[in-house]
Amino acid sequence: MGVLLSVVLVLSLYRVGTSSGDLVLGYYQENCPLLEEIVRHSMERAVYRDPRMAASLLRLHFHDCFVMGCDASVLLDSFDGMVSEKQAVPNLNSLRGFEVIDEIKYNLEEACPYTVSCADILAIVARDAVELRGGPRWEVWLGRRDSLKASFDGANKFIPAPNSSLEALIENFRQQGLDEGDLVALSGSHTMGKARCLSFRQGIYEESTERRYDYFQRYTTFYDTLRSICPETGSDNRLASLDYVTPFFFDNHYFLNILQGRGLLPSDNALINEDHEGVILRHVWTYASDREAFFHAFANSVVKMGNINVLAGSEGEIRRTCRFINT
């Protein structure tokens, strides 16, 4: 693949306003100066042991922010009558990487007790996960606090489904304050990682015009391969790569894939097949042809997403362990 370059995007010329305070750069510079070094060390080990872990940890940040905001509610286990978001349909037997977060939190509590929020850990981890697999680096705005509750119902309602229509995706992102440009850029996270058969079965067994008249076998071989992994019934947890070309690297191949009708999830292919006005397609073509444009857009959209309904000031708490609220 050649040398994978990282783009450093310094977004330090403005403050990110929130309803109850500000996220800032260098938030822990005085009270936990080794924060980023501690996180990075654990991340390097985790991704070295399991390259797929990078995609899994990035996904945790997404699934956290899309429910009640970026407040680490996704990390809470069920307790005292509250059902964990981990048990929701989009997350059950799917989200992973919690042990990596546990390790990072433990090390941070040793270095600077009761200081760094789990929500901020997720934001830093997402950045490092992308960079360690060849993607862009960006400055992470910090100062989030952790929620006191989870939302099982919210996780079922607000996390985009893998078979979502384009209309549903646009509306889902709009509810989070994200626009169509953010939708396309953040969908590019599917350039690495894997998905379960349960998530893509519908797409590979649906009849389509493209496959019905696929005289040159452009789609047939791809879908035959997926069907060999994922039968019509059973084997729900068998895995296939979201990007079959470079599954462990953060690059722009995802956009090349969906332009060829080779997105794994129905929601991936919906970006092309259901874009009747061409707005989405223009973004896709740009990112397919210009990796650096994608990197820049992705970093900006992640920063924007990371500011959804954050708790700051006296809201929430700084958990001592990410799985449970403080007692």
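As shown above, the structure is provided for reference.
So, a few notes on the structure that sits alongside this text.

Definitions and limits used
- Residues numbered from 1 in each chain as written.
- Predicted model: local features only at pLDDT ≥ 70, side-chain atom pairs only at ≥ 80, totals over all residues.
- Heavy atoms only, no water.
- Helix = DSSP H or I, 4+ residues; strand = E, 2+ residues; numbered from the N terminus.
- Buried < 20%, exposed > 50% of the residue type's maximum accessible area, 1.4 Å probe, protein only.
- Lys, Arg positive; Asp, Glu negative; His and termini not counted.
- Salt bridge = Lys/Arg side-chain N within 4 Å of Asp/Glu carboxyl O.
- Polar contact = N/O pair within 3.5 Å; in protein donor to acceptor, adjacent residues only side chain to side chain.
- Contact = heavy atoms within 4.5 Å.
- Arc of directions from axis to C-beta.
- Core = buried A, V, L, I, M, F, W, Y, C linked by side-chain atoms within 4.5 Å.
- Disulfide = S-S within 2.5 Å.

### Description of the side chain of R145
Here is step 1 of the chain: Residue placement: R145 occurs in the loop between β4 (137-138) and α5 (152-158).
Here is step 2 of the chain: Although R145 is buried, it forms no salt bridge, and the closest oppositely charged side chain is E317 at an N-O distance of 6.9 Å.
Here is step 3 of the chain: A distance of 3.2 Å separates the side chain of R145 from the backbone oxygen of G313, its partner in a polar contact.
Here is step 4 of the chain: For R145, the contacting residues outside a window of four places in its chain are C70, D71, S117, A119, L311, A312, G313, S314, E315, G316, E317 and I318.

### Describing helix α13 (residues 279-289)
Here is step 1 of the chain: Turning to α13, its buried residues number three or more, namely I280, V284, Y287 and A288. Considered in projection along α13, the buried side chains sweep an arc of 100° and stay on one side of the axis. The exposed residues of α13 that point more than 90 degrees off its buried face are R282, W285 and S289.
Here is step 2 of the chain: Contacts from the buried residues of α13 go to α6 (166-175), α7 (180-187), α11 (253-259), α12 (266-273) and α14 (291-305).

### A few points about the environment of W138
Here is step 1 of the chain: Topologically, W138 is positioned in strand β4.
Here is step 2 of the chain: Taking the C-alpha atoms as reference points, W138 and V303, separated by 165 residues in sequence, lie 8.3 Å from one another.

### Notes on the nonpolar core
Here is step 1 of the chain: Among the nonpolar cores identified, the biggest contains 74 residues, and L35, M43, L75, I101, L108, F255 and F298 are the most heavily contacted of them.
Here is step 2 of the chain: The element that contributes the greatest number of residues to this core is helix α4 (residues 118-132), accounting for ten residues.

### Quick word on the state of the cysteines
Here is step 1 of the chain: One pass over the structure, following the stated rule, counts four disulfides.
Here is step 2 of the chain: One disulfide bridge connects C65 with C70, the sulfur atoms lying 2.0 Å from each other. The sign of the 120° torsion about the S-S bond sets the C65-C70 disulfide as right-handed.
Here is step 3 of the chain: Residue C118 pairs covalently with C322 via a disulfide, S to S 2.1 Å. Residues C118 and C322 are joined by a disulfide whose S-S torsion is about -100°; by sign, that bridge is left-handed. Note that C118 is positioned in helix α4 and C322 in the segment after α14, a separation of 204 residues in sequence.
Here is step 4 of the chain: Exposure remark for C118: the relative accessible area of 0% places this residue in the buried category.
Here is step 5 of the chain: Here the bonded cysteines of the chain are numbered in sequence order, and their pairing is 1-4, 2-3, 5-8, 6-7.

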